[in-house]
Amino acid sequence: MIRLRQKQIEQWVNSWSFGDFFLGKDCESMDDEIILKQFGDILLYNWMRRVKELFPNRNVIVEYGVKG
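From a predicted model like this one, the values you see are computed outputs, not experimental measurements.

Cut-offs and rules
Residues numbered from 1 in each chain as written. Predicted model: local features only at pLDDT ≥ 70, side-chain atom pairs only at ≥ 80, totals over all residues. Heavy atoms only, no water. Helix = DSSP H or I, 4+ residues; strand = E, 2+ residues; numbered from the N terminus. Buried < 20%, exposed > 50% of the residue type's maximum accessible area, 1.4 Å probe, protein only. Areas by Shrake-Rupley, 256 points an atom, 1.4 Å probe, with all protein chains shown as cover. Patch = residues over 30% accessible without salt bridge, like charges linked within 9 Å, V, L, I, M, F, W, Y side chains within 5 Å. Salt bridge = Lys/Arg side-chain N within 4 Å of Asp/Glu carboxyl O. pLDDT = per-residue confidence, 0-100. Expected span 1.5 Å × (residues − 1). Arc of directions from axis to C-beta.

Counting its secondary structure elements, the protein chain contains 3 helices and 0 strands. Each helix and strand of the protein chain, placed in order from N terminus to C terminus, yields the pattern α-α-α. Classification of the 68 residues of the protein chain by burial places 9% in the buried group. As presented, the protein chain carries roughly 6,400 Å² of accessible surface, and 56% of it is formed by carbon and sulfur atoms.

On to a nonpolar patch on the surface, then. A surface patch of nonpolar side chains, about 290 Å² in accessible area, is lined by Ile-9, Trp-12 and Val-13. Here Trp-12 shows up in helix α1 (residues 2-14).

Confidence along the protein chain averages 76 in pLDDT terms, with 71% of residues attaining 70 or more. For the protein chain, per-element mean pLDDT is lowest for helix α2 (residues 18-23), which scores 63, and highest for helix α3 (residues 33-54), which scores 86.

This part is about α3. Given a rise of 1.5 Å per residue, 22 residues ought to cover 32 Å, and the 31 Å separating the end C-alpha atoms of α3 matches this to within 8%. Of all the positions in α3, only Leu-36, Gly-40, Leu-43 and Val-51 are classed as buried. Within α3, the buried residues cover an arc of 70 degrees as seen down the axis, which keeps them to one side. In this structure, α3 carries Ile-34, Ile-42, Tyr-45, Lys-52 and Glu-53 as exposed residues pointing more than 90 degrees from its buried face.

Below is the structure:
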């Protein structure tokens, strides 16, 4: 039961956009593709480093994309 709840939370958080989670939908930065790309790259880099520290023997994929 706890595992199912954890999966639901992970799926919910994974569906957030950068704007939803960090910047807010009315922020000017949400229209700046360069800032959003740099922000995504920084998050990706740091999440991958942390995942490798916590789970060195697991193959975890961290990625981000653009809604089309």
